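Coordinate inspection notes
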Amino acid sequence: MDATTPAPRAEVLRDRYRSRLPEDLQQLTGPVGGTVDLPLHIVWSGRATYSLDRPKSRMTLYRTVLAEGLREDLAAFLHHRPLAEQWPVLRRLVSPYIREVWEGAFPELLRTAPDGLGRR
């Protein structure tokens, strides 16, 4: 592919998500309880307030931040422990590009998944 040929959409998306990754999951030090209000650049319409004490609400917040957040947003709004605990379900709710990038960078997330939920 030469410089004038655009990269395939899948690779552009993978690169976007890869560029936002923390160097280590331990850098995800966001809150583990209470209420979180996401900024406009992450959630530009609809619901912006989430309760981390309610599993469905927390899952929605994590899904939204993984898809739309910048690197600093990931560290500010996600926490490594709930991310790993939720990953077996969360991995089925995010795009395949997000799943591939995160599981490629952090294989420990796959260890939290029940048998049969490994890479697809």
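Notes on the structure follow. Nothing here was measured: the structure is a model prediction, and the numbers come from that model. (Residues numbered from 1 in each chain as written. Predicted model: local features only at pLDDT ≥ 70, side-chain atom pairs only at ≥ 80, totals over all residues. Heavy atoms only, no water.)

Some points on the packing of helix α4 (residues 80-93) against helix α5 (residues 96-105)
It is at 10 Å that the axes of α4 and α5 come closest, and there the two elements cross at 145 degrees. Seen along the crossing, α4 lies across α5 with a hand that is left-handed. Residue-level contacts link L83, W87, R91 and R92 of α4 to R99, W102 and E103 of α5. Taken together, the residues that form the contact of α4 with α5 break down as three nonpolar, no polar and four charged. (Axes fitted to C-alpha atoms, helices over the stretch in contact; angles between N-to-C directions. Helix = DSSP H or I, 4+ residues; strand = E, 2+ residues; numbered from the N terminus. Left-handed = near helix turned anticlockwise from the far one by under 90°. Contact = heavy atoms within 4.5 Å. Nonpolar A, V, L, I, M, F, W, Y, C, P; charged D, E, K, R; others polar.)

A word on the packing of helix α1 (residues 9-19) against α5
Running from N to C, α1 and α5 cross one another at 50 degrees; their axes reach a closest spacing of 9 Å. Taken together, the axes of α1 and α5 lie oblique to each other. Here α1 runs over α5; the crossing is right-handed. Facing α1, whose interface residues are R9, A10, L13, R14, Y17 and R18, α5 presents Y97, I98, E100 and V101. Tallied by class, residues from the contact of α1 with α5 come to six nonpolar, no polar and four charged. (Parallel < 35°, antiparallel > 145°, perpendicular 65-115°, else oblique.)

Thoughts on the side chain of S51
Looking at the secondary structure, you find S51 in strand β2 (residues 49-51). If sequence neighbours within four positions are ignored, S51 has contacts with G34, T35, S57 and R58.

Some thoughts on the nonpolar core
Core analysis: the largest hydrophobic core is formed by 28 residues, its most contacted members being L38, L61, L66, L83 and W102. Elements with a minimum of two residues in this core: α1, α2 (55-68), α3 (71-77), α4 and α5. Top element by residues in this core is α2. It accounts for five residues. Beyond its immediate sequence surroundings of up to four residues, L83 is in contact with L25, L28, Y62, L66, L90, W102 and L109. (Core = buried A, V, L, I, M, F, W, Y, C linked by side-chain atoms within 4.5 Å. Buried < 20%, exposed > 50% of the residue type's maximum accessible area, 1.4 Å probe, protein only.)

Bear in mind that shape data such as this cannot, by itself, settle questions of function.
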